[in-house]
Amino acid sequence: MNKEKEEISAIHPAVAPLCYLLGKWKGEGEGGYSTINSFRYGEQLHFSHPAPGKPVIAYSHNTWKLDSGLPMHSESGYWRPKHDGSVEVVIAQSTGLAEVLMGTHSAEDIVIKRQSQVVANASKVREISRVYEMVNGELHYVVQMATNLTALQPHLKAVLKKL
Ligand code: HEM
């Protein structure tokens, strides 16, 4: 088997529909909420498939201030796609918040939609929704959250290009 074929067969079949994500993505995002001033940030996402025999994508997300480069929010976790088109995601945030989301992925639309099932160790956040979408080769995402005072509304949106 040549090297290219080995690499393709090394991708777990449950991960294959999402293999376009694998690699590093870099871009800029815009944040806001009804209770805070809006802001912009730089960011890098990394999706990898470190254990090819397992149906798991490892995910990490780092952000920084655009003017100084100083670090802002970061998070990491695992995306677990299933053959039925569902995806289960677990994320630990640098703020201490932990979330478990369930969602769906569609290979045709290249959209991944997820809704939190569990938000733990959060003082304000009650619910999180995340949508990732490929648009003309760029990765777009929108993160919404609900807090103890506010219904679900956008906190982040960003556009990233593959490195
Ligand atoms: C504010 C949650 C991701 C930057 C907040 C607040 C919450 C929150 C609860 C306070 C809102 C309020 O006071 O009413 C989250 C959650 C995230 C997330 C759940 C991920 C799912 C991010 C990311 C960044 C960021 C990726 C930056 C790159 C900020 C900033 C503020 C803020 C700058 C305003 C802080 C202030 O004015 O004191 N976030 N955040 N957040 N967040 Fe996030």
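Quantities reported herein were computed from a predicted structural model and do not represent experimental measurements.

(A) Seen up close, the overall build of the protein chain. Secondary structure summary: the protein chain contains 1 helix and 10 strands in total. In the protein chain, the succession of α and β elements from N to C terminus is α-β-β-β-β-β-β-β-β-β-β. In terms of C-alpha radius of gyration, the protein chain reaches 16 Å, essentially the compact-globule figure of 15 Å for 163 residues. Sequence-distant contacts, at least 24 apart, represent 36% of the contacts inside the protein chain between residues at least 6 apart. Taking the average location of the 17 positive side-chain charges in the protein chain and that of its 16 negative ones, the two points are 4 Å from each other.

(B) Spotlight on the layout of surface pockets. Roughly 700 Å³ of internal volume is contained in the largest pocket. In terms of lining residues, the largest pocket is bounded by 29 residues, among which His-73, Gln-93, Val-125, Met-145 and His-155 are the most central. Contributing elements (two or more residues each) for the lining of the largest pocket: strand 2 (36-48), strand 3 (57-65), strand 4 (71-81), strand 8 (125-135), strand 9 (138-147) and strand 10 (153-162). Approximately 160 Å³ is the volume found for the second largest pocket. Looking at the second largest pocket, the residues that line it are Glu-28, Gly-29, Glu-30, Arg-40, Val-131, Glu-133, His-140, Tyr-141, Val-142, Lys-157, Ala-158 and Val-159. Looking at the lining of the second largest pocket, the elements with two or more residues in it are strand 1 (23-33), strand 8, strand 9 and strand 10. Tallied by class, the residues present in the lining of the second largest pocket amount to 5 nonpolar, 2 polar and 5 charged.

(C) Region of the structure containing the sheet that holds strand 10. Strands sit in the order 1-2-3-4-5-6-7-8-9-10 around a closed barrel of 10 strands; the barrel is antiparallel. Pairs of neighbouring strands in the sheet enclose a mean axial angle of 25 degrees, with direction left out of account. Pairing analysis gives 7 bridges linking strand 4 to strand 5 (residues 86-93), with the strands arranged antiparallel. Looking across to strand 5, one finds that Trp-79 is bridged to Val-89.

(D) Quick peek at the coordination of the iron atom of the ligand. Only one protein atom coordinates the iron atom of the ligand: His-155 (NE2), located 2.2 Å from the metal. Along the chain, His-155 falls in strand 10.

(E) Just the site of the ligand, in detail. In the vicinity of the ligand there are 16 residues, among which Thr-35, Phe-39, Gln-93, Lys-124 and His-155 approach most closely. Interatomic distance of 2.7 Å between a side-chain N/O atom of Lys-124 and an oxygen atom of the ligand. Here a nitrogen atom of the ligand and a side-chain polar atom of His-155 are 3.0 Å apart. When each cavity is represented as a set of grid points, the ligand is found to reside in the largest pocket. For the shell around the ligand, the elements supplying multiple residues, two or more each, are strand 2, strand 4, strand 8, strand 9 and strand 10. Here the shell around the ligand is composed, by residue class, of 9 nonpolar, 5 polar and 2 charged.

Basis of the calculations
Residues numbered from 1 in each chain as written. Predicted model: local features only at pLDDT ≥ 70, side-chain atom pairs only at ≥ 80, totals over all residues. Heavy atoms only, no water. Helix = DSSP H or I, 4+ residues; strand = E, 2+ residues; numbered from the N terminus. Rg over C-alpha atoms; globule rule 2.2 N^0.38 Å. Contact = heavy atoms within 4.5 Å. Lys, Arg positive; Asp, Glu negative; His and termini not counted. Charge placed at Lys NZ, Arg CZ, Asp CG, Glu CD. 1 Å grid on protein atoms, 1.4 Å probe; cavity = no way out; pocket = protein on both sides within 12 Å on 5 of 7 lines; lining within 4 Å. Points joined across faces, edges and corners; volume = space filled by probe spheres on them. Nonpolar A, V, L, I, M, F, W, Y, C, P; charged D, E, K, R; others polar. Pairing = 2+ DSSP bridges. Axes fitted to C-alpha atoms, helices over the stretch in contact; angles between N-to-C directions. Donors = N, O, S within 2.8 Å, 3.2 Å for Na, K, Ca; no water. Near = heavy atom within 4 Å. Polar contact = N/O pair within 3.5 Å; in protein donor to acceptor, adjacent residues only side chain to side chain. Sits in = over half its atoms within 2 Å of the grid points.

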